[in-house]
Amino acid sequence: MDYKEHFKKEVQNFIFVELEKPLVISLNNVVINLPKGDYPVDSKELINIAKENKDFTAQSIINGMIFVLGSDSSFPYLENYINILKKIPNIESYIIFQIEENKNKDIKKAIIYTSALIKLNPKKEFQMNRIYLLMDYYQKTNLSFLEAEIIESLKNLLKQYPEYEPANFYIAEYYLDKDIDLAKYHLRYCLSSEKYRQKAEEYLKKIEAVENYDKAVSLLKEGYPKEALKILIPYIESNPQNLDAKYYIAVAYREIGNYQKALLYLNELLNILETPEVDNEIGLNLAFLGYFEKAIEYFKKALKFKPSEVSILSNIGVCYFNLNDFENAKKYFKLALDKKPDDEVCKEWIKRLS
């Protein structure tokens, strides 16, 4: 089921009364012409009229037209209904009253009335109010198609009013974890808004931090550990829960030769979670400090999780070589070569050991 079908189902509760000839009614001293055709009336309302022996009134037809207008965008007589409803005095106020009456007790009905209202008057505030109601409905039901409808409605609203702050803010929130560039684009429209400026600035600072973090990781991978640290150290002060950042700081310290500092970060990570990457990195730092036996312990722990990792096998081989245990060194280099026969480094070690 999609959004349209979900709301279109509501029309099933209506009975269509056929007017075989035009009907003139008076409503609040205003004469309204109803052309011949089919007009919707709530079946529950008809039952109550029959039970209580009440008169059938034009109000029942008006409510029916509003309801169909808001729930079925493909209904054939919508243009006729719109033309009739627009002639009724204070019709917008009446619909707004119905929306306020229902938004807490029957949000689906409130959305239908709001959808009808924007067909009569598509002003941006009415469109945004419908989006707010859709957001509330989505939170209460978690119906997946509602999110798509919300985003589509925000996009359509921004096509008409590109600088409208509420629409820019909420679509920016949607894009925060999907497209940072689009999120930034929409957040900038909120910086002059008294209501959204503070939150928009917070989001932009977070985006800047993420972008700096990504830049630092790229610098590290490109061989610039000092430059990476200049970004990562301030970043971790604001984001102490980012374990990946702490791992990359440790890697950067190892690459500049500060093995003790690297181990401080790695031991902190080890107390929170143990991964083969952390174990391998601890092994590397211990090996650089000359603690080869201890390094082998950590490499072997990493190997349990990644038994086919050539770099770990090679690291163990190098440690055994430095311990003058050439048999075990040869064993691990051969294991590495079995996994990756074209590894030139392992081939050189095998020759050296032979």
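Given the structure is predicted, the values throughout are model-derived calculations rather than measurements. (Residues numbered from 1 in each chain as written. Predicted model: local features only at pLDDT ≥ 70, side-chain atom pairs only at ≥ 80, totals over all residues. Heavy atoms only, no water.)

Attention now goes to helix α3 (residues 58–71). Taking 1.5 Å of rise per residue, 14 residues should cover 20 Å, and α3 covers 20 Å from first to last C-alpha, within 8% of that figure. With 13 of 14 residues buried, α3 lies mostly within the body of the structure. (Helix = DSSP H or I, 4+ residues; strand = E, 2+ residues; numbered from the N terminus. Expected span 1.5 Å × (residues − 1). Buried < 20%, exposed > 50% of the residue type's maximum accessible area, 1.4 Å probe, protein only.)

Inspection of the secondary structure puts asparagine 267 in helix α14 (residues 259–272). When the C-alpha positions of asparagine 267 and glutamine 198 are compared, they lie 38 Å apart, and in sequence the two are 69 residues distant.

All right, on to the environment of proline 162 then. Looking at the secondary structure, you find proline 162 in the loop between α8 (144–160) and α9 (165–175). For the pair proline 162 and tyrosine 175, spaced 13 residues apart in sequence, the C-alpha separation works out to 16 Å. Apart from residues no more than four positions distant in its own chain, proline 162 is found in contact with Asn168 and Tyr189. (Contact = heavy atoms within 4.5 Å.)

Think of it this way: side chains of opposite charge can pair up when their charged atoms draw near. Under the definition given, this model contains 12 salt bridges. With a closest N to O distance of 3.0 Å, glutamate 100 and lysine 103 form a salt bridge. (Salt bridge = Lys/Arg side-chain N within 4 Å of Asp/Glu carboxyl O.)

Looking now at the state of the cysteines. Per the stated rule, a full pass over the model turns up 0 disulfides. Free of any disulfide, cysteine 319 has its nearest cysteine sulfur in cysteine 346, 14 Å distant. Take cysteine 346: its relative accessible area is 1%, and that puts it in the buried class. (Disulfide = S-S within 2.5 Å.)

With that out of the way, let us pick up the side chain of aspartate 279. Along the polypeptide, aspartate 279 turns up in helix α15 (residues 276–288). Notably, aspartate 279 is buried but unbridged: the nearest opposite-charge side chain belongs to lysine 301, and the N-O separation is 4.1 Å. (Lys, Arg positive; Asp, Glu negative; His and termini not counted.)

Further remarks concern helix α2 (residues 43–51). Its side-chain oxygen at 3.0 Å from the backbone nitrogen of lysine 44, aspartate 42 defines the N-terminal cap of α2. A positive backbone phi angle near 55° is found at asparagine 53, which sits one or two residues after α2. (Polar contact = N/O pair within 3.5 Å; in protein donor to acceptor, adjacent residues only side chain to side chain.)

Tallied over the full model, the rule gives 24 aromatic pairs. Note on phenylalanine 75 and tyrosine 81: the rings are 5.8 Å apart at their centroids and 25° apart in plane angle, and the pair reads as stacked. Each member of the pair phenylalanine 75 and tyrosine 81 is classed as buried. Ring geometry for phenylalanine 321 versus tryptophan 349: centroids 4.9 Å apart, planes at 70°, classification edge-to-face. Here tryptophan 349 lies in helix α19 (residues 344–353) and phenylalanine 321 lies in helix α17 (residues 310–322), a separation of 28 residues in the sequence. In this pair, the class of phenylalanine 321 matches that of tryptophan 349, namely buried. Site record: aromatic cluster; members linked through ring pairs are Phe16, Tyr39, Phe75, Tyr77 and Tyr81. Sitting above the plane of the phenylalanine 126 ring, lysine 123 keeps its charged end 4.9 Å from the centroid. Directly above the aromatic system of tyrosine 161 lies the positively charged group of lysine 124, at a separation of 5.3 Å from the ring centroid. (Phe/Tyr/Trp six-rings, centres within 6.5 Å; stacked < 30°, edge-to-face > 60°. Lys NZ or Arg CZ within 6 Å of the ring centre and 35° of its normal.)

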